[in-house]
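An overview of the molecular structure
Residues per chain are reported as follows:
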Amino acid sequence: MKNLKQGRKTWFRGLKGFLKIFIRKPKFIYLGDMPGQNSITLSNHVGASAPVNYELYFSQPFRFWGTYEMTMGLKSTYKYLSTTYLHQKKHINKHFAKVLAFIICPFVNLFYKGLRLIPTYNNYRLRSTIRESVNAIKNGEKLIIFPEDSSKGYFDNLTSFFAGFVLLSKICLKQGIDLSVYVSYYVKEKRAFIFDKGIKFSELLELKLPDKKLAEKMCLRANELRELFLNGKLEYNSNK
């Protein structure tokens, strides 16, 4: 039986309930409305922190984009954790990374199975990502995308965004769906998600920017949200 609200299975909801004992709820701060139907949210990653907190406490039905390596079973998950995530991105010693990956791999693999992750690719298979994403949106699910370039690690000041979300938005627009795009920043030290006001993708197109420049603009706005929040310069609605 599935949870009609989030589309997560019963066993996974039980696992999430257990994790909530150890992970307290963050604040969700909105500069405008909460993401509604036909929307995508662009967020920073902060390692596993942002995805886990979204999954445990974000109240709306959504799907994540995530790298395909985490959807292909234990062997692929272990390789990604030990080599890419723990060593290259988290900068953990490669030998310790292998040991740690071996320990956490079964749990992480189980968690990712429960997420109903939409796998992403950096080649022609991206078409399947777009197809599944469009179907999810038509099914009433929001998308949460982590477009930052984390190849060299996770940084408070995001360096760049990949433009896959632009391609998705263009294809949706051709099918009559004008996505609302939200930029979000998770401030880990304050345990707070800051959501910018949504903007229609058709309005972003009016800027007449190349895809990469448009992605860069969204990245700059994410960094700006963090700075404004930490400097106490945000005006926002009550926590929802």
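Refer to the structure above for everything that follows.
Here is a short report on the structure shown in this document. All values reported here derive from a predicted model rather than from experimental measurement.

So, the overall build of the protein
On a plain count of helices and strands, the protein comes out with 8 helices and 8 strands. Computed over the C-alpha atoms, the radius of gyration of the protein is 18 Å, within 12% of the 18 Å expected from 2.2 N^0.38 for a compact globule of 240 residues. If one aligns the C-alpha atoms of the protein with their principal axes, the spans along those axes are about 50 × 40 × 40 Å. Within the protein, the proportion of its 240 residues that are buried is 47%. For the protein, contacts bridging at least 24 residues in sequence account for 74% of all contacts bridging at least 6. About 12700 Å² of surface is accessible on the protein, with carbon and sulfur atoms providing 55% of the total.

Describing the packing of aromatic side chains
Applying the stated criterion across every chain yields a total of 20 aromatic pairs. Members of the aromatic cluster, each reached through a chain of ring pairs, are F28, Y30, Y54, F58, F62, F64, F146, Y186, F193 and F195. The aromatic ring of F62 is capped on one face by R8, whose charged end is 5.1 Å from the ring centroid.

Considerations on a nonpolar patch on the surface
Residues F96, V99, F102 and I103 make up a contiguous nonpolar surface patch of about 460 Å² in total accessible area. Here F102 is to be found in helix α4 (residues 94–115).

Description of the side chain of R191
Mapping R191 onto the fold places it in the loop between β6 (180–187) and β7 (192–195). Notably, R191 is buried but unbridged: the nearest opposite-charge side chain belongs to E189, and the N-O separation is 10 Å. At 2.7 Å, the side chain of R191 and the side chain of N53 are in polar contact. Each residue touching R191, except ones within four places of it in the same chain, is listed here: I23, R24, K25, P26, K27, N53 and Y186.

Describing helix α5 (residues 126–138)
Counted at 1.5 Å a residue, the expected span for α5 with its 13 residues is 18 Å, and the 19 Å between its end C-alpha atoms agrees. Taken together, the buried positions of α5 are T129, I130, S133, V134, A136 and I137. End-on, the buried residues of α5 take up no more than an arc of 160°, which puts them together on one face. In this structure, α5 carries R127, R131 and K138 as exposed residues pointing more than 90 degrees from its buried face. On its buried side, α5 packs onto β3 (62–67), β4 (118–120), β5 (142–145) and α6 (164–174). Downstream of α5 by a residue or two, G140 has a phi angle that is positive, lying close to 90°.

Section: α4
Between its first and last C-alpha atoms α4 spans 28 Å; for 22 residues at 1.5 Å apiece the expected length is 32 Å, and the helix comes up short by more than 12%. Along its length, α4 reaches its greatest deviation from straightness, about 50°, at I104, and the proline P106 lies no more than four positions downstream. If you check which residues of α4 are buried, you get A97, A101, C105, V108, N109, F111, G114 and L115. Buried residues belonging to α4 abut α1 (10–19), α2 (49–57), β3 and α3 (74–89). Of the residues trailing α4, R116 is marked for its positive phi of about 55°.

Here we look at the packing of α6 against helix α8 (residues 211–230)
It is the contact of α6 with α8, at a shortest axis distance of 9 Å, that shows an interaxial angle of 110°. When the axes of α6 and α8 are compared, the pair comes out roughly perpendicular. Here α6 runs over α8; the crossing is right-handed. When α6 is examined against α8, the residues F165, V166 and K170 are found in contact with a partner set consisting of D211, L214, A215 and M218. Considered class by class, the residues forming the contact of α6 with α8 number 5 nonpolar, no polar and 2 charged.

With respect to the pattern of salt bridges
Any two side chains of opposite charge can pair if their charged atoms end up close together. For the structure on display, the rule yields 12 salt bridges. D156 is paired through a salt bridge with R226; the nearest N and O atoms lie 3.5 Å apart. Highlighted residues: D156 in the loop between β5 and α6 and R226 in helix α8, separated in sequence by 70 residues. The class for D156 is partly exposed, based on a relative accessible area of 45%. Residue classification places R226 among the buried residues on the basis of a relative accessible area of 12%. A salt bridge links R226 to E189; the nearest nitrogen and oxygen atoms lie 3.7 Å apart. Placement of R226 in helix α8 and of E189 in the loop between β6 and β7 is noted, with a sequence separation of 37 residues between them. You can call E189 partly exposed: its relative accessible area is 48%. A cluster of three or more residues bridged by salt bridges with shared partners is formed by R63, R116, E132 and E141.

Calculation notes
Residues numbered from 1 in each chain as written. Predicted model: local features only at pLDDT ≥ 70, side-chain atom pairs only at ≥ 80, totals over all residues. Heavy atoms only, no water. Helix = DSSP H or I, 4+ residues; strand = E, 2+ residues; numbered from the N terminus. Rg over C-alpha atoms; globule rule 2.2 N^0.38 Å. Buried < 20%, exposed > 50% of the residue type's maximum accessible area, 1.4 Å probe, protein only. Contact = heavy atoms within 4.5 Å. Areas by Shrake-Rupley, 256 points an atom, 1.4 Å probe, with all protein chains shown as cover. Phe/Tyr/Trp six-rings, centres within 6.5 Å; stacked < 30°, edge-to-face > 60°. Lys NZ or Arg CZ within 6 Å of the ring centre and 35° of its normal. Patch = residues over 30% accessible without salt bridge, like charges linked within 9 Å, V, L, I, M, F, W, Y side chains within 5 Å. Salt bridge = Lys/Arg side-chain N within 4 Å of Asp/Glu carboxyl O. Lys, Arg positive; Asp, Glu negative; His and termini not counted. Polar contact = N/O pair within 3.5 Å; in protein donor to acceptor, adjacent residues only side chain to side chain. Expected span 1.5 Å × (residues − 1). Arc of directions from axis to C-beta. Bend = angle between axes of the 7 residues up to and from the residue. Axes fitted to C-alpha atoms, helices over the stretch in contact; angles between N-to-C directions. Parallel < 35°, antiparallel > 145°, perpendicular 65-115°, else oblique. Left-handed = near helix turned anticlockwise from the far one by under 90°. Nonpolar A, V, L, I, M, F, W, Y, C, P; charged D, E, K, R; others polar.

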